[in-house]
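Notes for the structure review
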Amino acid sequence: MLDIQNALKVFEKGTPSEHTALNHVSLHLDRGEFVTVIGSNGAGKSSLFNAICGVFLLNEGRILLDGKDITFEKEHRRALTIGRVFQDPMKGTAPHMTIEENLSLAYSRVMARPLSFSPSARQRALFRDRLSEFGMGLEDRMKTQVGLLSGGQRQAVTLLMCTIVPPRLLLLDEHTAALDPATAEKVMEITKKTVEKDHLTTLMITHNISASLTTGNRTLMMDSGEILFDFSGEQRRGMTVDGLMKLYSVNRHRVLDNDRMLLM
Amino acid sequence: MKLLVGSLQLGLLYGILALGIYISFRILSIPDLTTEGSFSFGLSVSAALTALGHPWLALLAGMAAGAAAGAVTGILQTRFRIHPILSGIITMSGLYSVNLAVLGGSPNLSLVRAPTLFKILPFLSKNEAMTVLPACFALLFLALVILFFHTHVGMSIRAVGDNEDMVRASSINVNGCKILSFCVSNALVALSGALIAQYQGYADISSSTGILVVGLASVIIGEALFGRRGVTLGFISAIAGSLIYRYIVALATKYSPLPAYMLKLVSALIVALALAIPAVRQDFGTAALKRGGKTHA
Ligand SMILES: Nc1ncnc2c1ncn2[C@@H]1O[C@H](COP(=O)(O)OP(=O)(O)O)[C@@H](O)[C@H]1O
Ligand SMILES: [Mg+2]
């Protein structure tokens, strides 16, 4: 499915501020895997996503998606098959366009009929259906400008935009971190439902360690541009937050910097 | 009466210009200085072809010329990453020579004996045609742009202007969208110029001076009336703004003690004032908060 081979990314190479964001990372994802990613600030989690999406090109290494080499493919070409939700609710939607216009933009991108009017009546019905599954009442506000919605509502719309045509790969970058706890939980619930519905292959960055062990079926921990741990199956089921912290200090000879990570 | 009708005609013709300005200024949020160049490009191409006896072809060619100018600016901005304002200035400056060349090396061209559209329509006298044609063109292109910006490409362009980051992260080609919208915008600006040449019966390169401000004033006056609510209303209000602008101009030249050449200064002031209002409002708001804070302290 997704194959990252020996990915190296060095920022500001050759300057005093040279920084290795991805240090020879290799990762293989099978179809339908739901993988959570944790790691302290600056560990390289977002950089991993940026590399997959083509925000920047790698210094070394290759990226394959469904057997196709996408290492040098343009960002907007990759976006046809990769969906991405960011932490910032402002980032994923066009604020002065309505919910249905935003959705239709996302929906029609796949079938390129540039001069067709959108959204069509058929599309509207589909959007209404999918929005109502969220239980947020958004289906009755399809003509509302997205800029008028709350952060959680915007994230829900963004999530639907990314998944209304099921992507090959879904990338969630702390997409609930900017929301209040109740809303975050609601959006997480929607996320799980959406991922399960189409068995989406998903990578989800979260700062909530305990949630990372109970959501999905595999957990990666990144540190200093490397994938330090990769848990799944029995090993993951037996893992606790404490166990993880201990394993980290034994491996790195220092305590996990956890200012931003929740240890519930 | 003559004043009313004349302003109506000009308001409609320059309304097409305002549609173009609305696209760059409001939808893309990039002020496009190509405007002055592409307006006279449309004007000169139209005049030259009308003088050769092809008034319809003149409009088409004028639009194509404007679209080409827009494409140049768009490519400078996207492919070569030149600052948006500078890209427009470059194209505009270059077009000055091109326009002189199109007019055979002279800055103006008379169409007194040429078969302009306004003279050749069946069933309509020249006077009638001078109202009917502008109305038809303005309404036709108003409808076309409204429809266009509700298609998938049109919506993609709106999204680029609204949240470029989002569009970059989606599968839409941002640069392509920008170039296309500069083409559409400048094609409209040039069409306005192409019609004006035939309407006036002469082409004068200097008539494009300050035309961007005229377009901006129209858009802003329209928004002052209708508010900023979506593209459909935005385009309608741009044309309405253009009509009102022409009436203001007509009244000003008729009744004000100011000489006609002061007009551009007045337009510039209108635009500057209208654009300053949000900032002034905000500062008043902050000042009020501070005063409030003091009395409570
Ligand atoms: N565009 C960039 N230019 C320079 N340094 C960057 C850039 N993007 C990320 N970095 C650096 O790479 C490191 C990893 O960042 P990131 O992947 O965002 O971490 P996180 O795991 O918190 O998401 C950080 O030290 C960051 O400062
Ligand atoms: Mg990050």
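These numbers come from a predicted model, not from an experiment.

Conventions used here
- All chains use their own residue numbering, which begins from 1 and follows the written sequence.
- Both sets of labels track the order of writing: A upward for chains, 1 upward for ligands.
- Selection of residues for local features in this predicted model requires a pLDDT of at least 70, selection of side-chain atom pairs for listing and counting requires 80 or more, and totals for whole chains, interfaces and linings are taken over all residues.
- Think of the side-chain values as coming from all heavy atoms in the structure, minus any hydrogens and water.
- The rule is simple: put a 1 Å grid over the protein atoms alone, call a set of points where a 1.4 Å probe fits but cannot get out a cavity, call an open set with protein on both sides within 12 Å along at least five of seven lines a pocket, and count a residue as lining if it has an atom within 4 Å of a point.
- Grid points are joined across faces, edges and corners, and a volume is the space filled by probe spheres set on the points.
- Counting from the N terminus, the helices are DSSP H or I runs at least four residues long and the strands are E runs at least two residues long.
- When residues are sorted by character, Ala, Val, Leu, Ile, Met, Phe, Trp, Tyr, Cys and Pro go into the nonpolar class, Asp, Glu, Lys and Arg into the charged class, and all the rest, Gly among them, into the polar class.
- Nearness of a residue to a molecule or strand requires only that one of the residue's heavy atoms be within 4 Å of it.
- Two N or O atoms count as a polar contact when they lie within 3.5 Å, although within protein this holds only if one can serve as hydrogen donor and the other as acceptor, and sequence-adjacent residues are included solely when both atoms are side-chain atoms.
- Note that accessible areas follow from Shrake-Rupley with a 1.4 Å probe, and for residues the cover is restricted to the protein chains shown.
- Lines fitted to C-alpha atoms define the axes, with helix axes restricted to the stretch in contact, and inter-axis angles between N-to-C directions lie between 0 and 180 degrees.
- The labels follow the angle: roughly parallel below 35 degrees, roughly antiparallel above 145, roughly perpendicular from 65 to 115, and oblique for the rest.
- We call a crossing left-handed when the near helix sits turned anticlockwise from the far one by less than a right angle, and right-handed when that turn is clockwise.
- In this description, contact between two residues means that some pair of their heavy atoms is separated by no more than 4.5 Å.

In this section: empty space enclosed by the protein. In the structure shown here, the tally under the stated rule is 5 cavities of 30 Å³ or more. If you add up the space inside the largest cavity, you get close to 220 Å³. Along the walls of the largest cavity sit 18 residues, with Gly92 and Cys162 of chain A together with Met166, Ala169 and Ser170 of chain B positioned nearest its centre. Contributions of two or more residues to the lining of the largest cavity are made by strand E6 (82-85), helix H3 (99-108) and helix H5 (151-163) of chain A together with helix H8 (164-169) of chain B. Volume-wise, the second largest cavity comes out at about 70 Å³. Lining the second largest cavity are Cys53, Glu75, Arg78, Ala79, Ile82, Gly83, Arg84 and Phe86 of chain A together with Ala169 of chain B. When contributions to the lining of the second largest cavity are tallied by element, the ones reaching two or more residues are helix H2 (75-78) and E6 of chain A. A breakdown of the residues in the lining of the second largest cavity according to their chemical character gives 5 nonpolar, 1 polar and 3 charged.

Residues and elements named next belong to chain A. Neighbouring residues of ligand 1: Phe11, His19, Ala21, Ser40, Asn41, Gly42, Ala43, Gly44, Lys45, Ser46 and Ser47. At 3.2 Å from an oxygen atom of ligand 1 is found a main-chain nitrogen or oxygen belonging to Ala43. At a separation of 2.8 Å, an oxygen atom of ligand 1 approaches a polar side-chain atom of Ser46. For ligand 1, whose accessible area on its own is 560 Å², the fraction buried by protein is 63%.

Quick look at the packing of helix H2 (residues 34-51) of chain B against helix H3 (residues 55-78) of chain B now. Residue and element names in this part refer to chain B. Direction vectors running N to C along H2 and H3 enclose 155 degrees, while the axes themselves pass 8 Å from each other. Taken as axis vectors, H2 and H3 run roughly antiparallel relative to one another. Here H2 and H3 pass one another in a crossing that is right-handed. In this structure, H2 contributes Thr34, Ser38, Phe41, Gly42, Val45, Ser46, Leu49 and Thr50 to the contact, and H3 contributes Pro55, Leu57, Ala58, Ala61, Gly62, Ala65, Gly66, Ala69 and Thr73. Residue classes in the contact of H2 with H3 are distributed as 9 nonpolar, 8 polar and no charged.

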